[in-house]
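Summary of the model geometry
If you want the building blocks of each chain, they are given just below.
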Amino acid sequence: MADTELLSILKRISAKEVLRLVIILAAVSFLAMFHNRGDDVVVEIGNEVPHLITSSVCEHAVEEKYGTYFPKIQKNFKCRDIMKIALEEGPAPKWPPLNFPNEEDFLNITQEGKMPITRIYYFGRKQEKNLGEKNNINYRWTPELIQSLQKGARNGKPMGSYGIDSDQHVMKVLDKFSDVISGKSGFVIGSERPWLEALLLMKGAKHVTTIEYSQIHSTHPNISTITPKEISEQYLKSAQPLFDFGISFNSLEHSGLGRYGESINSCGDLVAMASAWCLTKSQGHFLLNVPQSDDWSSYIEFNGHRKYGRDRLKHMAASWDVVSMEKKDRQKKDSDTDYLWVLKKHTDIINKQ
């Protein structure tokens, strides 16, 4: 285009429109720079605690391929960066928890509108933990406790908080995938009562490590406990061996919503799944239960938990292969515990940059 033609066009554009165009171009360039780098971006707003956003984990606009249950996507996990998040996470600066997300968190926490928010506000568990035995919480895991839970399972007594049908469903899946568990070492994410640990050992697991925010003391020789911060430190020191398998049941849906006094992390559940990927050996498996909606839609009952459908599940399963969706035979309708996904880590490549 000739210079005279360009000048003619610019003369017809107002100064306000030119300024608007410059701002848009600058914003696009800024976002493109971070998108191409795939680095971590720390966004600080006012006097709020900085929000750590791991772009490769939390990115919503990614290439999709056909999947049996939902689209399959691949993300470039930088495991050392992911593990650093746990070191920087801390309690929210204010209590009680927010009853609605801040404006700066809203788009990310709703996955740009694909996970609408319904209101179901929880005050948190600060008070509930004071209930002690009434809340079925035991922070001392002894061999006797594990044996008692296993005996109850054999006699058809409920082990956890989800009813006998959920216990039996998990046992059925563990039997079906016994080669994944038997003689191997695995981890459990989110467990205050060791019903999963007892089942895994009963089904032949060699050793189980529980990753839990609460300080749990285990005297069982085949059960270790560790906090997310501690296991992240171990990983960053290259002192944490990888696991053969992992499992999480009705836990990750809470991550990053502030219900338990933690800071808001709009993609806390995705970060937890990426961490599980990083902790699992190549060709290892992960068994996942999160609440699912009956119509496969995704939404948030803030600040309680997320309900998962295709739009969110595809991000939860990013970089995993979906081996199977195991649905329990319902004795009662409870979409929170109906499904157990069996995932497999299919790559030898772990990006530790």
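Scroll up a little and you will see the structure.
Before going into details, it helps to say that this report is about the structure given with it. Every value quoted in this text rests on a predicted model; they were computed, and no experiment measured them.

Conventions we followed
- Residues numbered from 1 in each chain as written.
- Predicted model: local features only at pLDDT ≥ 70, side-chain atom pairs only at ≥ 80, totals over all residues.
- Heavy atoms only, no water.
- Helix = DSSP H or I, 4+ residues; strand = E, 2+ residues; numbered from the N terminus.
- Buried < 20%, exposed > 50% of the residue type's maximum accessible area, 1.4 Å probe, protein only.
- Contact = heavy atoms within 4.5 Å.
- Areas by Shrake-Rupley, 256 points an atom, 1.4 Å probe, with all protein chains shown as cover.
- Arc of directions from axis to C-beta.
- Disulfide = S-S within 2.5 Å.
- Pairing = 2+ DSSP bridges.
- Axes fitted to C-alpha atoms, helices over the stretch in contact; angles between N-to-C directions.
- Polar contact = N/O pair within 3.5 Å; in protein donor to acceptor, adjacent residues only side chain to side chain.
- Salt bridge = Lys/Arg side-chain N within 4 Å of Asp/Glu carboxyl O.

Observations regarding the overall build of the protein
Of regular secondary structure, the protein possesses twelve helices and 16 strands. In the protein, which comprises 353 residues, the proportion classed as buried is 47%. In the protein, the share of contacts with a sequence separation of at least 24, taken over all contacts with a separation of at least 6, comes to 68%. Accessible area for the protein stands at about 18100 Å²; split by element, carbon and sulfur atoms hold 52% of it.

Considerations on helix H10 (residues 228–236)
Taken together, the buried positions of H10 are occupied by Pro-228, Ile-231, Ser-232, Tyr-235 and Leu-236. Considered in projection along H10, the buried side chains sweep an arc of 135 degrees and stay on one side of the axis. Among the structural elements, helix H4 (79–88), strand E8 (207–211), strand E10 (223–226), strand E11 (243–249) and helix H11 (268–279) are those in contact with the buried residues of H10. Within two residues after H10, Ser-238 carries a phi angle of roughly 60 degrees, on the positive side.

Focus: unusual backbone geometry
Here the amide bond leading from Phe-302 into Asn-303 is cis, since omega sits at 0 degrees, within 30 degrees of zero. In the Ramachandran plot, Gln-283 falls in the positive-phi region, its phi being about 70 degrees despite a non-glycine side chain. One can find Gln-283 in strand E12 (residues 280–289). A positive phi angle, close to 65 degrees, is found at Trp-296, a residue other than glycine. Counting through the fold element by element, Trp-296 comes out in the loop between E12 and strand E13 (299–302).

Describing the state of the cysteines
Disulfide: a covalent bond formed between the sulfur atoms of two cysteine residues. Applying the stated criterion across every chain yields a total of two disulfides. The disulfide bridge from Cys-58 ends at Cys-267, spanning 1.8 Å between sulfur atoms. Here the residue Cys-58 occupies a position in helix H3 (residues 55–58), and Cys-267 occupies one in the loop between E11 and H11, the gap between them amounting to 209 residues. Assessed through its relative accessible area of 11%, Cys-58 is described here as buried. Using a relative accessible area of 3% as the deciding quantity, one classes Cys-267 as buried. Covalently, Cys-79 is tied to Cys-278 through a disulfide, its sulfur atoms 2.2 Å apart. Across the S-S bond of Cys-79 and Cys-278 the torsion is about -90 degrees, and the bridge reads as left-handed.

Structural notes on the sheet that holds E8
Across the sheet, seven strands lie side by side as E10-E8-E7-E11-E12-E16-E15; this open sheet has mixed pairing. Across the chains shown, the open sheet's two edge strands, defined by having one partner strand only, are E10 and strand E15 (320–327). Adjacent strand axes in the sheet meet at a mean angle of 20 degrees, parallel and antiparallel pairs treated alike. As defined by bridge partners, strand E7 (residues 185–189) adjoins E11 across three bridges and the pair is classed as parallel. Bridging from a neighbouring strand, Gly-186 pairs with Phe-245 of E11.

Comments concerning the environment of Glu-230
Among the secondary structure elements, Glu-230 is positioned in helix H10. In this structure, the C-alpha to C-alpha distance between Glu-230 and Leu-87, residues 143 residues apart in sequence, is 8.4 Å. At 3.0 Å, the side chain of Glu-230 forms a polar contact with the backbone nitrogen of Thr-227.

Looking at the pattern of salt bridges
The final tally for this structure, using the stated rule, is twelve salt bridges. Across the pair Arg-312 and Asp-269 runs a salt bridge whose closest N-O atoms are separated by 2.8 Å. Separated by 43 residues along the polypeptide, Arg-312 in helix H12 (residues 310–316) and Asp-269 in helix H11 bring together distant segments of the chain. Note on Arg-312: relative accessible area 0%, which makes it buried. Judged by relative accessible area, Asp-269 falls into the buried class, the value being 0%. The closest approach of N and O atoms between Asp-311 and Lys-314, which form a salt bridge, is 3.9 Å. Of the two residues, Asp-311 and Lys-314 both sit in helix H12, three residues apart, roughly one turn of that helix.

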